[in-house]
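Below are the chains, spelled out letter by letter.
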Protein chains: 2
Amino acid sequence: MASVRKELPKGFRWAAVKAGIKASGRPDLAVAVADTAATAAVMFTKNQVVAAPIIVGREFMTATGGRVRAVVVNAGNANCATGKAGLDAAYATCKSAAEIFECPQNEVFPSSTGIIGVPLPVEKLLAGLPIAAAGLGSRPADAEAFAKAIMTTDTKLKVSQGCVEDGANSVHIFGTCKGAGMIGPQLGPPHATMLVYLFTDLAIGAEDLRGLLGPAVESSFNSISVDGDTSTNDTVLLLASGASSVNWDAASTAVRSSFTKELQRVCDELAHAVIDDGEGATHVVTLDITSARSNTEAKTIAKSIAHSPLCKTAWSSADPNWGRLLAAAGYSGVEFDLEKVRITIEGLPVFENGVRAEAFDEAATHAVMREREYTISIDMGQGDGSCRFLTCDLTVEYVHINADYST
Amino acid sequence: MASVRKELPKGFRWAAVKAGIKASGRPDLAVAVADTAATAAVMFTKNQVVAAPIIVGREFMTATGGRVRAVVVNAGNANCATGKAGLDAAYATCKSAAEIFECPQNEVFPSSTGIIGVPLPVEKLLAGLPIAAAGLGSRPADAEAFAKAIMTTDTKLKVSQGCVEDGANSVHIFGTCKGAGMIGPQLGPPHATMLVYLFTDLAIGAEDLRGLLGPAVESSFNSISVDGDTSTNDTVLLLASGASSVNWDAASTAVRSSFTKELQRVCDELAHAVIDDGEGATHVVTLDITSARSNTEAKTIAKSIAHSPLCKTAWSSADPNWGRLLAAAGYSGVEFDLEKVRITIEGLPVFENGVRAEAFDEAATHAVMREREYTISIDMGQGDGSCRFLTCDLTVEYVHINADYST
């Protein structure tokens, strides 16, 4: 994924500074500011345990009905399971940002990502905020600095851009996210450590914006998994500055449809980027479940396979061990008739009529599974429910990354 | 776990031969025969996809009401997802054994373990059966031969024995099992690739025997997990020959209680042996969940932690990263109040009152986690539900074992 291109949505400025929270010493405090309060829609993790910034963000979004002037993100510390001190730190950060940007405190949106349970050094954030404010800009380099500062174990910059034309006018979308491990998002309406920030200059009301975000998230960020570990901090925030000349209420059906598709494309591209950068991943696997009894059951089967250590390790060696796929589908809790199930890998027949496909070619199947990306299609033979789910393999490198404790 | 000791239950004989199914060339066909039909209770996997021997075993156990003369187990091939040919192979094996042991076909209990989806070379089983029959014996070496032949990726022999005195009489229990990977058993009444065979010479009816097996399995084999991958072949079979002079109906409450406890101890010991031999495992972790709203919710929390790649990799490096425990509990689907949760590791305080315990000593906690076995206790502060769940860490070796496909 390349760097940020020109043509960013109007009405926003970005900046990042080194606040000294990341052990690496890299930039770790990212700030995005709307020229005037932006319309906002948000989805938070459904994890029962949520970080302090999620609690504060929920409260503020409810109070404002969906209005954000400034986004303040720190990486290197999740500010989760940090008790009252953690909440105080999140409030203090918002209060300081509100004073700097001259807005109500509840128009500041806080986010954190990093280790759980370690007190957040809030004084470092407070010291960094004025410096970040002084450095705000609307150039690609500014947006890119924001995108880089939110990274933790990520190895790649994750950005995506979109544009919709409406006659002589145009609306732009800029999205960025971070996340490589503890990725098994389950996002619900006003409820990551996947953090996603989407910016557009469309003029739109909060309710319509929420209506656009839900479906876009369901088939993108809610349909991916690296390790299935749903984070305490996952957040997807969509801000609309209204600085373009395109207004949702006045827009034609064609423009509305184009914007919806472009938002989906940006979300899909970012979700793909998360899996492509999955900790230790060497293969990106699309699970295409079709003919299930419902979309929900299709996703349940996909998740069972995506979280199976046996399936994931087989993928790491391009092993067409389809028995593991069947076993994982079988313990998903979904009822089905094995005789009706049909499995193909990149279109190559693997399993049908209750047994290994007659045309199964182990060498050919192994060959397609050596590609970095491929699709496993499972036709359940039951109904019209379906799901496309993106996941990755489980490698020795994943274990190394997450077992790095040294005495 | 040592070899088989003397004092085996009376009324049984065991044997094993090399039928040529295991690629290693080791013994792979195990036979156990009761002198006269034994009372039998069984629990099979709840996986929707089940192997041919499970389908046949279910049918036969229903037909006989719980009566088994011979058990025929092959290792090296699961005979699962093998269609009609697989069913035919299982029936043919039972038919052949029935002729050899002169019993009804439905008194033969078939089991298979190994790779899924590869046709079972039934001619090898049929050729091996007479040789096994000729070698049957009731010495410890015979029972041990049975226990060794059922092994696949196991590195250790798994056997356990028990004895209950009833005045001058005594009842014996011999149990053996196999399993190291694809271990996340969910066993239900007449519904494994964990295979467990329990033999006793108690005289007891089938209904009473089933009543004993259920609870013994629930807190042992149904409360362990290596990788969470519930197999298509899991089976726990308990046979009672009645060859001792102790009869359940006539036994005192004290003797009944002693037998129930001894059966539980044998199941617990075998379940522990499975985790201790978990693929690549370097740590055996007991999750002791207490004060949950129900036993079911306690087990849901335990399983969520036991299956979390982030928790499991942290254990591999003895990392007291308790935030991962909280995150996994948080996405389990169980509701709880973080402020009331209390976590200790081997009794050392880790988390309480919503934050890292004041007395948390990272070095000391890391030290206890370097032991091969330790307990993580989580008090949910809600009710009186509890669960003790046994699991292991996720290591580079697990990935190597399960990603061994070579071109």
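For the structure given in this document, a descriptive report is provided here. Since the model is a prediction, treat every value here as computed from it, not as a measurement. (Residues numbered from 1 in each chain as written. Chains lettered and ligands numbered in written order. Predicted model: local features only at pLDDT ≥ 70, side-chain atom pairs only at ≥ 80, totals over all residues. Heavy atoms only, no water.)

**Remarks on the overall build of chain A**
Next up, step 1: Within chain A one finds 11 helices and 16 strands.
Next up, step 2: Relative to the globule expectation of 22 Å for 407 residues, the C-alpha radius of gyration of chain A, 22 Å, shows essentially globular dimensions.
Next up, step 3: Along the first, second and third principal axes, the C-alpha atoms of chain A reach 70 × 60 × 35 Å.
Next up, step 4: Taken across its 407 residues, chain A has 62% of its residues classed as buried.
Next up, step 5: A total accessible area of about 14,300 Å² is found for chain A, and carbon and sulfur atoms account for 49% of it.
Next up, step 6: Averaging the coordinates of the 34 positive side-chain charges in chain A and doing the same for the 46 negative ones gives two points 5 Å apart. (Helix = DSSP H or I, 4+ residues; strand = E, 2+ residues; numbered from the N terminus. Rg over C-alpha atoms; globule rule 2.2 N^0.38 Å. Buried < 20%, exposed > 50% of the residue type's maximum accessible area, 1.4 Å probe, protein only. Areas by Shrake-Rupley, 256 points an atom, 1.4 Å probe, with all protein chains shown as cover. Lys, Arg positive; Asp, Glu negative; His and termini not counted. Charge placed at Lys NZ, Arg CZ, Asp CG, Glu CD.)

**Quick notes on the interface of chain A and chain B**
Next up, step 1: Between chain A and chain B, the residue contacts involve 57 residues of the former and 57 residues of the latter.
Next up, step 2: Buried area between chain A and chain B, both sides added, is near 4,500 Å², and the carbon and sulfur share of it is 64%.
Next up, step 3: In this assembly, chain A and chain B are joined by zero salt bridges.
Next up, step 4: Inspection of the chain A/chain B interface yields 18 residue pairs in polar contact (both at pLDDT 80 or more).
Next up, step 5: Top element by residues in the side of chain A that touches chain B is helix α9 (residues 322-330) of chain A. It accounts for six residues. (Contact = heavy atoms within 4.5 Å. Buried area = accessible area lost by both parts, 1.4 Å probe. Salt bridge = Lys/Arg side-chain N within 4 Å of Asp/Glu carboxyl O. Polar contact = N/O pair within 3.5 Å; in protein donor to acceptor, adjacent residues only side chain to side chain.)

**What to know about the environment of Arg324(B)**
Next up, step 1: As for its placement among the helices and strands, Arg324(B) is situated in helix α9 (residues 322-330).
Next up, step 2: Sequence spacing of Arg324(B) and Phe360(B) is 36 residues, and the spatial spacing of their C-alpha atoms is 16 Å.
Next up, step 3: Once you skip the residues sitting within four places of it in the chain, Arg324(B) turns out to touch Met182(A), Asn402(A), Leu310(B), Cys311(B), Thr313(B) and Ala314(B).

**Regarding the environment of Pro53(A)**
Residues and elements named next belong to chain A.
Next up, step 1: Here Pro-53 lies in helix α1 (residues 52-64).
Next up, step 2: Counting along the chain gives 48 residues from Pro-53 to Arg-5, while the straight-line C-alpha distance between them is 30 Å.
Next up, step 3: Not counting residues up to four positions away in its chain, the partners in contact with Pro-53 are Ala-78, Asn-79, Ala-90, Pro-110, Ser-111 and Ser-112.

**Things to note about the relation of the copies chain A and chain B**
Next up, step 1: Its rotation angle being 180°, the transformation that places chain A on chain B also includes 0.0 Å of axial translation and leaves an RMSD of 0.0 Å. What the superposition gives is, in effect, a two-fold axis relating one chain to the other. Closest to the rotation axis within chain A is the C-alpha of Val396(A), separated from it by 2.5 Å. (Least-squares fit on C-alpha atoms with pLDDT ≥ 70 in both.)

**Things to note about the pairing of strand β10 (residues 235-240) of chain B**
Residue and element names in this part refer to chain B.
Next up, step 1: Among the six residues in β10, six count as buried, and that is most of the element.
Next up, step 2: Neither face of β10 is left uncovered, since the one carrying Thr-235, Leu-237 and Leu-239 and the one carrying Val-236, Leu-238 and Ala-240 both have all their residues buried.
Next up, step 3: Sheet topology places strand β2 (residues 29-45) next to β10; six bridges connect them, and they run antiparallel. Looking across to β10, one finds that Ala-40 is bridged to Leu-239.
Next up, step 4: Of the strand pairs in this sheet, strand β8 (residues 195-200) and β10 are connected by six bridges, and their pairing is parallel. (Pairing = 2+ DSSP bridges.)

**Side note on the packing of aromatic side chains**
Residue and element names in this part refer to chain A.
Next up, step 1: Evaluated as defined, the whole model comprises 22 aromatic pairs over all chains.
Next up, step 2: Considering the side-chain rings of Phe-44 and Phe-109, the 6.0 Å spacing of their centres and the 0° angle between planes classify their relative orientation as stacked. Linking Phe-44 in strand β2 (residues 29-45) with Phe-109 in strand β4 (residues 108-115), this pair joins segments that are 65 residues apart in sequence. No difference in accessibility class separates Phe-44 from Phe-109, as the two residues are buried.
Next up, step 3: In textbook terms, an aromatic cluster arises when at least three aromatic residues are bridged by ring pairs, as seen for Phe-12, Trp-14, Phe-146, Phe-174, Tyr-197 and Phe-199. (Phe/Tyr/Trp six-rings, centres within 6.5 Å; stacked < 30°, edge-to-face > 60°.)

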